[in-house]
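Listed below, chain by chain, are the residues.
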Amino acid sequence: MKFKTREDIEATLEQVFEAVSDFDGMERAALRRGAEVTRTDTLTVPGQGMTWHASFPFRNRTRVADMMLKTYDAPHQLELFSKVSGIEATVEVELLSLSRNRTRMSLSVDMRPKSIPARLLIQSMKLARASLVKRFRKRVADYAQSIENRYRPTTNPIR
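Residues numbered from 1 in each chain as written. Predicted model: local features only at pLDDT ≥ 70, side-chain atom pairs only at ≥ 80, totals over all residues. Heavy atoms only, no water.

What about the overall build of the protein?
Here comes step 1: When its secondary structure is counted, the protein shows 4 helices and 7 strands.
Here comes step 2: When the helices and strands of the protein are listed from N to C terminus, the series reads β-α-α-β-β-β-β-β-β-α-α.
Here comes step 3: Dimensions of the protein along its principal axes, counting C-alpha atoms only, are 65 × 40 × 30 Å.
Here comes step 4: Per-residue burial over the protein gives 36% buried out of 159 residues.
Here comes step 5: Counting contacts in the protein only where the partners sit at least 6 residues apart, residues at least 24 apart contribute 49% of the total.
Here comes step 6: Summed over its atoms, the accessible surface of the protein is roughly 10600 Å², and 52% of this surface lies on carbon and sulfur atoms.
Here comes step 7: Across the protein, the centroid of the 28 positively charged side chains sits 9 Å from that of the 19 negatively charged ones. (Helix = DSSP H or I, 4+ residues; strand = E, 2+ residues; numbered from the N terminus. Buried < 20%, exposed > 50% of the residue type's maximum accessible area, 1.4 Å probe, protein only. Contact = heavy atoms within 4.5 Å. Areas by Shrake-Rupley, 256 points an atom, 1.4 Å probe, with all protein chains shown as cover. Lys, Arg positive; Asp, Glu negative; His and termini not counted. Charge placed at Lys NZ, Arg CZ, Asp CG, Glu CD.)

Here we look at the pattern of salt bridges
Here comes step 1: Using the criterion set out here, one finds 6 salt bridges in the structure.
Here comes step 2: K138 is paired through a salt bridge with D142; the nearest N and O atoms lie 3.0 Å apart. Within this pair, K138 and its partner D142 are both found in helix α4 (residues 129–151), separated by 4 residues, close to a single helical turn.
Here comes step 3: For D142, a relative accessible area of 40% translates into the label partly exposed.
Here comes step 4: For R152, the salt bridge is made with E148, and the minimal N-O distance between the two is 3.7 Å.
Here comes step 5: For E148, a relative accessible area of 12% gives the class buried. (Salt bridge = Lys/Arg side-chain N within 4 Å of Asp/Glu carboxyl O.)

What to know about helix α3 (residues 116–127)
Here comes step 1: If you check α3, its first and last C-alpha atoms are 17 Å apart, about what 12 residues at 1.5 Å a residue would give, namely 16 Å.
Here comes step 2: Listing the buried residues of α3 in full gives A118, I122 and M125. Along the axis of α3, the buried residues cluster in a sector spanning 55°; they form a single face. In α3, the exposed positions angled more than 90 degrees off the buried face are occupied by I116, P117, R119, L120 and L127.
Here comes step 3: At its buried positions, α3 is contacted by β1 (2–9), β6 (87–99), β7 (102–113) and α4. (Expected span 1.5 Å × (residues − 1). Arc of directions from axis to C-beta.)

Some points on the sheet that holds strand β4 (residues 61–73)
Here comes step 1: Pairing within the open sheet is antiparallel, and its 7 strands lie in the order β1-β7-β6-β5-β4-β3-β2. Both edges of this open sheet fall to β1 and β2 (36–39), since each of them pairs with a single strand only. Shown here is a sheet whose adjacent strand axes are inclined to one another by a mean of 15°, direction ignored.
Here comes step 2: Helix α2 (residues 23–32) contacts β2, β3 (51–58), β4 and β5 (77–84) of the sheet and is inclined by roughly 150° relative to β2.
Here comes step 3: Against the sheet, α3 makes contact with β1, β6 and β7, and its axis sits at roughly 130° relative to β7, the strand it touches most. (Pairing = 2+ DSSP bridges. Axes fitted to C-alpha atoms, helices over the stretch in contact; angles between N-to-C directions.)

Notes on the side chain of S21
Here comes step 1: Along the chain, S21 falls in the loop between α1 (13–20) and α2.
Here comes step 2: When its relative accessible area of 11% is taken as the criterion, S21 is described as buried.
Here comes step 3: Aside from chain neighbours lying at most four places away, what touches S21 is Y72 and L78.

What to know about the nonpolar core
Here comes step 1: In this structure, F3, V20, L95, M105 and M111 are the most contacted members of the largest nonpolar core, which totals 36 residues.
Here comes step 2: Sorting the residues of this core by element identifies β1, α1, β3, β4, β6, β7, α3 and α4 as the ones contributing at least two each.
Here comes step 3: With 7 residues, the single largest contributor to this core is α4.
Here comes step 4: When sequence neighbours within four positions are dropped, the list of residues in contact with V20 reads M26, L78, V93, L95, M105, Y143 and I147. (Core = buried A, V, L, I, M, F, W, Y, C linked by side-chain atoms within 4.5 Å.)

Below you can see the structure in the form of structure tokens.
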């Protein structure tokens, strides 16, 4: 099952890439939401091969996820591969500079079941696809807006 969307962001390519590759910030956000996240690689700088192990509650069960950064092509592309409860997911973020201060972010999530319970979950998601796509696009739009707000130049009117 694949979800795909794109957003135009009022920020430079480098600023948007800095935001989407803020792995420490994403780890802290997951911790605030009740997940336990552990970085399992020994890399000192962000790059291909970064790995994480996470556990989080979902539908009254603790789920375990293993994630790996497969592609880190600064400032144009990121690809994250994860395995969660029998589902293999690939998240791909592509950035394209539209102008000096405008960037297009394309985000796709491709989920593939690798077990019978995972197939059942994906099948139930397909039945609710329209509402899931709507929620996915709304969350990505909110994230794009937060990036714009973070890098919006502050103007002080002179009075």
